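Analysis of the macromolecular model
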Amino acid sequence: SLTTFRSPTRTGYDRGSAAAILLSALEGMMDVNGEQLRIAAAILLAQSDFETAGFSSLWNNNWGNIRAKTSLPFTLIPGAVDENIAGQHVVAQGEEDPLRVFRSYATPEEGCRAWLELIRDRYPWAWAVLLVASDDAESAASFARALGDTANPRQYYTANRERYAAGVVARWGACRKAVWQ
């Protein structure tokens, strides 16, 4: 059951700040050279940027819109939450709608680390893409597609894979720039 409610607070960051937080968290999680770490960071930053509308809809330091399903701290996102579930557009608005319940993190670092651990541990096939990714938009698309690959036991998202990949790729260039600065 959900036990610790935290008031919803927008905790958006600019891409440069987000890149620095992400790189710091990622350093202890990937055993790769510095260049490969930055390539992976740019792709991950683009995916978080897409999930959070350019970090403007980032609530309570939740980098990946991770849902709350256990006794961990949570928040209710105010207003409507748009989702694509099984190919259908769903808008969650009710106070008790479970689609509005998301994890809440005390700090940007805690939220970033939890999101990275979720991807690494629940979606290892997508994490593997990051370990060998090239510094190009196609690698960003490959990672995004891997997160939603229905051939795997679970998917990070339920939206159309090509549209989701296109959304990540659209942000990849700006995120790459932020990571490499």
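Here, the structure is the one placed above.
Only a predicted model underlies this, so the values are computations on that prediction, with no experimental measurement involved.

1. Considerations on the nonpolar core
Counting 50 residues, the largest nonpolar core has Leu-22, Leu-26, Leu-44, Leu-45, Trp-63, Trp-115 and Leu-116 as the members making the most contacts within it. When residues of this core are traced back to their parent elements, those giving at least two are helix H1 (15-27), helix H2 (34-51), helix H3 (108-122), helix H4 (124-132), helix H5 (137-147) and helix H6 (161-180). Ranked by residues supplied to this core, first place goes to H2 with 9 residues.

2. As for the packing of H5 against H6
In a pair of packed helices, the angle between the axes and the distance between the axes together describe the arrangement. With their axes 8 Å apart at the nearest point, H5 and H6 run at an angle of 140 degrees to one another. Viewed along their axes, H5 and H6 adopt a mutual orientation that is oblique. With respect to the hand of their crossing, H5 and H6 are arranged in right-handed fashion. In this structure, H5 contributes Ala-137, Ala-140, Ala-141, Ala-144 and Arg-145 to the contact, and H6 contributes Arg-161, Glu-162, Tyr-164, Ala-165, Val-168, Val-169 and Trp-172.

3. Looking at unusual backbone geometry
Positive phi, close to 70 degrees, is recorded for Phe-55, a residue that is not glycine. Looking at the secondary structure, you find Phe-55 in the loop between H2 and strand S1 (74-76). Positive phi outside glycine occurs at Asn-65, with the angle close to 50 degrees. For Asn-65, a relative accessible area of 25% puts it in the partly exposed group.

4. A short note on the packing of aromatic side chains
Within a pair of aromatic rings, the relevant descriptors are the distance that separates the centres and the angle that separates the planes. Evaluation of the coordinates by the stated rule reveals 8 aromatic pairs. Between Phe-55 and Trp-63, the ring centres sit 5.9 Å apart and the planes meet at 70 degrees, which makes this aromatic pair edge-to-face. For Phe-55, a relative accessible area of 2% gives the class buried. Ring geometry for Tyr-157 and Tyr-164: centres 3.6 Å apart, planes at 10 degrees, overall stacked. Here Tyr-157 matches Tyr-164 in class, with each residue buried. The structure contains a cluster of three or more aromatic residues connected by ring pairs, namely Tyr-13, Phe-55, Trp-63 and Trp-115.

Definitions and limits used
- Residues numbered from 1 in each chain as written.
- Predicted model: local features only at pLDDT ≥ 70, side-chain atom pairs only at ≥ 80, totals over all residues.
- Heavy atoms only, no water.
- Core = buried A, V, L, I, M, F, W, Y, C linked by side-chain atoms within 4.5 Å.
- Buried < 20%, exposed > 50% of the residue type's maximum accessible area, 1.4 Å probe, protein only.
- Helix = DSSP H or I, 4+ residues; strand = E, 2+ residues; numbered from the N terminus.
- Axes fitted to C-alpha atoms, helices over the stretch in contact; angles between N-to-C directions.
- Parallel < 35°, antiparallel > 145°, perpendicular 65-115°, else oblique.
- Left-handed = near helix turned anticlockwise from the far one by under 90°.
- Contact = heavy atoms within 4.5 Å.
- Phe/Tyr/Trp six-rings, centres within 6.5 Å; stacked < 30°, edge-to-face > 60°.

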